Amino acid sequence: MAFISMRQLLDHAAEQGYGVPAFNINNMEQLLGIVAAARKTDAPVIIQASRGARAYANDLMLRRMVEAAVEMNPGIPIALHQDHGDTAATCFSAVQNGFTSVMMDGSLESDGKTPSSYEYNVAVTAKVAEASHWVGVSVEGELGCLGSLESGMAGEEDGSGAEGKLSHDQLLTDPVQAADFVAKTGVDALAIAIGTSHGAYKFSRKPTGETLAIERVKQIHAKIPNTHLVMHGSSSVPQEWLEIIRKYGGDIKETYGVPVEEIQQGIRHGVRKINIDTDIRLSMTGAIRRLMATRPEEFDPRKFLAAATVAAKDVCKARFEAFGCAGQAERIRPLPLDVIAARYAAEDSRRAA
Ligand code: 13P
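Let me begin by describing the structure that accompanies this report.

How each quantity is defined
Residues numbered from 1 in each chain as written. Predicted model: local features only at pLDDT ≥ 70, side-chain atom pairs only at ≥ 80, totals over all residues. Heavy atoms only, no water. Buried < 20%, exposed > 50% of the residue type's maximum accessible area, 1.4 Å probe, protein only. Helix = DSSP H or I, 4+ residues; strand = E, 2+ residues; numbered from the N terminus. Arc of directions from axis to C-beta. Contact = heavy atoms within 4.5 Å. Near = heavy atom within 4 Å. Polar contact = N/O pair within 3.5 Å; in protein donor to acceptor, adjacent residues only side chain to side chain. Areas by Shrake-Rupley, 256 points an atom, 1.4 Å probe, with all protein chains shown as cover. Pairing = 2+ DSSP bridges. Axes fitted to C-alpha atoms, helices over the stretch in contact; angles between N-to-C directions. Core = buried A, V, L, I, M, F, W, Y, C linked by side-chain atoms within 4.5 Å.

## A closer look at helix H9 (residues 214–223)
Taken together, the buried positions of H9 are Ile-214, Val-217 and Ile-220. All buried residues of H9 project into a common sector of 110° when viewed along the axis, lining one side. Lining the buried residues of H9 we find helix H8 (175–185), strand E6 (189–192), strand E7 (228–231), helix H11 (260–268) and strand E8 (271–276).

## With respect to the site of the ligand
Residues in contact with the ligand amount to 14 residues; listed here are only the nearest, Lys-202, Gly-233, Ser-235, Asp-277 and Thr-278. In this structure, His-232 approaches the ligand through a side-chain N or O atom, which is 3.2 Å from an oxygen atom. Here an oxygen atom of the ligand sits 3.2 Å away from a polar atom, N or O, in the main chain of Ser-234. Against a free-state accessible area of 310 Å², the protein chains account for coverage of 97% of the ligand.

## A short note on the sheet that holds strand E2 (residues 45–49)
Spatial ordering of the closed barrel is given by E1-E2-E3-E4-E5-E6-E7-E8, a layout of 8 strands whose pairing is parallel. Recorded for the sheet is a direction-independent mean angle of 25° between the axes of neighbouring strands. Pairing between E6 and E7: 3 bridges, direction parallel. Opposite Ala-189, over in E7, you have His-228 as the bridge partner. Across the sheet, H8 touches strand E5 (138–143) and E6, and the angle it forms with E5 is around 150°.

## A word on the nonpolar core
Nonpolar side chains in soluble globular proteins generally cluster together in the buried interior. Core analysis: the largest hydrophobic core is formed by 90 residues, its most contacted members being Val-45, Ile-47, Ile-78 and Phe-320. Setting aside chain neighbours within four positions, we find Ile-78 in contact with Ala-2, Phe-3, Ile-4, Val-35, Val-45, Ile-47, Val-66, Ala-69 and Val-70.

Shown next as structure tokens:
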């Protein structure tokens with residue numbers, strides 16, 4: 001089995017009514033944990049790397065690790081996705097490095113922090129979508145800015161995110177504008193702003209409809225039923241891992257994530273890609289802290305990293321199961337990217353006729 005186009009994977013998820021987690025990686029242990037969970041549950045998966053991850057691990061190293069994961073797990077369809085591309089150049093360098101999917105985040109200017117104009121977002125995203133589709137690579141756009149509906153604050157994480165206070169309008173994607181954006185850009189998937197934000201500090205108490213606007217997902221899906229919706233900032237911030245981190249010397253304040261049941265509601269209304277990074281980071285940190293504290297004589301890094309890999313695997317397994325993704329891998333036959341490219345070309349000619 002080979003890499004899969006994210007579009008093909010999300011089309012399958014839409015047909016069958018499930019959601020695909022998109023897990024961020026920076027290193028081998030995160031990848032091994034994710035892939036072990038995918039194998040255990042027979043789930044397809046999106047592996048994504050931010051610009052920060054690409055700089056940390058090196059493009060070649062990342063690419064070869066994910067290639068190895070694909071080769072070692074022939075039954076698991078894997079899409080490799082650029083998370084939060086800040087410019088067209090970032091997206092195309094990802095394509096050069098073998099990514100099968102890119103996110104052009106034109107909701108922010110190329111500095112990755114200033115909210116952009118709608119016209120800029122449309123222009124840069126349409127450019128990336130047109131060229132990426134020529135080679136069968138899928139494209140995710142973003143409309144609206146991630147941030148807290150509780151405080152109005154935007155959130156920067158891993159080098160991406162607006163700065164300062166945002167208006168309610170900026171923090172909630174407008175359904176009518178979403179339809180216009182998809183028509184003008186031709187994106188395969190759309191990241192929407194509904195009150196989620198990256199990182200561990202999303203909500204100061206369990207979210208309600210006021211702070212996490214699942215209703216907005218329904219309204220957007222009603223307008224663009226054929227576009228796959230993406231929920232960023234979708235870590236659930238497991239309280240049990242926070243307790244372990246605190247117990248073994250970590251300092252994480254009271255905080256809440258996106259409840260799995262809310263994500264499941266989203267999946268019933270067009271959400272197909274669910275971005276998760278923080279949950280893996282928290283569980284790995286908790287596992288490492290616990291082992292270091294309980295086995296102070298240990299100095300073999302493999303022991304700490306193996307425990308962290310198991311923790312990551314357990315979190316991922318729970319998400320594959322909760323999102324209905326478990327058991328789907330064997331039902332998908334990944335098509336080569338040139339076949340996908342030919343489909344985009346056929347769609348274009350139909351539209352032009
Ligand atoms: P979390 O920080 O909630 O895991 O979100 C990650 C994300 O959205 C990456 O794009």
